[in-house]
Amino acid sequence: MSRTGRHFFLGDAVTVARMLPGMDIVIASDNLPVRYMITETEAYLGEEDRACHASRGKTKRTEVMYLDGGRLYVYFVYGMHWMMNIVTGPENHPQAVLIRGVSGFTGPGRVTKALGIDRSYNGEDLTMSERIWIEDKGYHPELLSGPRVGIGYAGEPWISKPWRFMIGKY
DNA sequence: TCATTGATTTCA
DNA sequence: GAAATCAATGAT
């Protein structure tokens with residue numbers, strides 16, 4: 001059992017998004033570690049990417065994405081759902097990977113509900129935290145990819161970028 | 001297909 | 001300040 005360190009998260013969001021499915025999120029909020037295998041991710045790639053929240057510059061909400069990779073970017077949307085993202089890339093390269101699914105829970109809102117993720121996890125450092133981290137068990141299955149969900153406002157070419165990844169095969 | 005729901009952002 | 005927006009979900 002080994003916690004994934006900083007180096008892994010300094011890669012670009014697409015690279016990290018492709019590596020995460022098959023890896024585990026370990027959450028120890030009640031002092032008892034519980035593992036969930038990541039099954040689906042999406043990459044949001046910097047200020048250029050109109051679908052990325054950082055495309056309109058640094059704000060109070062997006063500032064955590066400007067730190068170096070390995071931290072959580074957690075935000076609230078539609079008045080009811082928390083979204084959990086992992087910040088990637090070096091400092092001042094705002095990128096993140098949305099966790100869309102884990103074993104047993106499909107959909108980003110359901111994932112955060114299952115894991116008990118809320119605002120208190122925003123900025124949490126996955127390389128240091130006592131309550132949440134990532135482990136690589138060496139399982140890296142074949143992935144399917146496709147366009148990201150719910151970002152029609154971003155326009156082309158961003159709508160069509162195949163930056164959604166999920167475990168599966170044809 | 002529609003209602004829900006409130007923080008964040010944008011516009012004035 | 002007020003108005004619009006929104007990485008979604010569950011019910012109808």
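The structure we're discussing is the one just above.
Residues numbered from 1 in each chain as written. Chains lettered and ligands numbered in written order. Predicted model: local features only at pLDDT ≥ 70, side-chain atom pairs only at ≥ 80, totals over all residues. Heavy atoms only, no water.

Thoughts on the pairing of strand E3 (residues 72-77)
To keep things clear, this is the line we draw: A pair of strands counts as paired when DSSP detects no fewer than two bridges linking them. For the purposes of this entry, the term helix denotes a DSSP run of H or I that reaches at least four residues, the term strand denotes a run of E that reaches at least two, and both are numbered from the N terminus.
Examined bridge by bridge, E3 and strand E4 (residues 81-87) share 6 bridges and lie antiparallel to one another. Within E4, the position partnered with Leu72 by the bridge is Ile86.

So, the pattern of salt bridges
As a reminder of what qualifies: Here, a salt bridge means any Lys or Arg side-chain nitrogen found within 4 Å of an Asp or Glu carboxyl oxygen. In this scheme, a residue with accessible area under 20% of its type's maximum is buried, one over 50% is exposed, and one in between is partly exposed, where area comes from a 1.4 Å probe on protein chains only.
In the structure shown here, the tally under the stated rule is 11 salt bridges. A salt bridge links Asp24 to Lys137, with the nearest nitrogen and oxygen atoms 3.4 Å apart. Here the residue Asp24 occupies a position in strand E1 (residues 24-27), and Lys137 occupies one in the loop between strand E7 (132-135) and strand E8 (143-146), the gap between them amounting to 113 residues. The class for Asp24 is buried, based on a relative accessible area of 10%.

Here we look at unusual backbone geometry
In this chain, Glu156 is followed by Pro157 through a cis amide linkage whose omega measures 5°. Note that Pro157 resides in the loop between E8 and strand E9 (164-167). Notably, Asn31 is not glycine yet its phi reads approximately 70°, a positive angle. With respect to the helices, strands and loops of the structure, Asn31 is situated in the loop between E1 and strand E2 (34-45).

Details of the protein's contact with DNA strand B
Condition: If a single non-hydrogen atom of a residue is within 4 Å of a molecule or strand, that residue counts as near it. Following the grouping adopted for this structure description, the nonpolar residues are Ala, Val, Leu, Ile, Met, Phe, Trp, Tyr, Cys and Pro, the charged ones are Asp, Glu, Lys and Arg, and the polar ones are all others, Gly among them.
Close to DNA strand B lie Arg56, Thr59, Arg61, Val77, Tyr78, Gly79, Met80 and Arg119. Counting only the atoms of DNA strand B within 4 Å of the protein, the fraction contributed by sugar and phosphate is 63%. Across the surface near DNA strand B, the residue classes break down as 3 nonpolar, 2 polar and 3 charged.

A few points about the protein's contact with DNA strand C
Rules: Any N or O atom pair separated by 3.5 Å or less is treated as a polar contact, with the protein-specific requirement of one donor-capable and one acceptor-capable atom, and with residues adjacent in sequence counted only for side-chain atom pairs.
The environment of DNA strand C is formed by 21 residues, the closest being Ala51, Tyr75, Asn85, Gly109 and Arg110. Per the 4 Å cut-off to the protein, sugar and phosphate atoms form 60% of the nearby atoms of DNA strand C. Side-chain polar atom of His81 to a sugar or linking oxygen of DNA strand C: 3.1 Å apart, as the coordinates give it. In this structure, Pro108 approaches DNA strand C through a main-chain N or O atom, which is 3.0 Å from a phosphate oxygen.

Description of the packing of aromatic side chains
Convention followed: To pair, rings of Phe, Tyr and Trp, with the six-membered ring standing in for Trp, must have centres within 6.5 Å; the planes then decide the type, stacked if under 30 degrees apart, edge-to-face if over 60, and tilted in the middle. Look at NZ for Lys and CZ for Arg. If either is within 6 Å of the ring centre and within 35 degrees of the ring normal, a charge sits over the ring.
What the rule picks out here adds up to 5 aromatic pairs. When the ring centre of Tyr75 is taken as reference, the NZ or CZ atom of Arg61 above it lies at 5.5 Å. The ring of Tyr121 carries Arg131 above its face, with NZ or CZ at 3.8 Å from the centroid.

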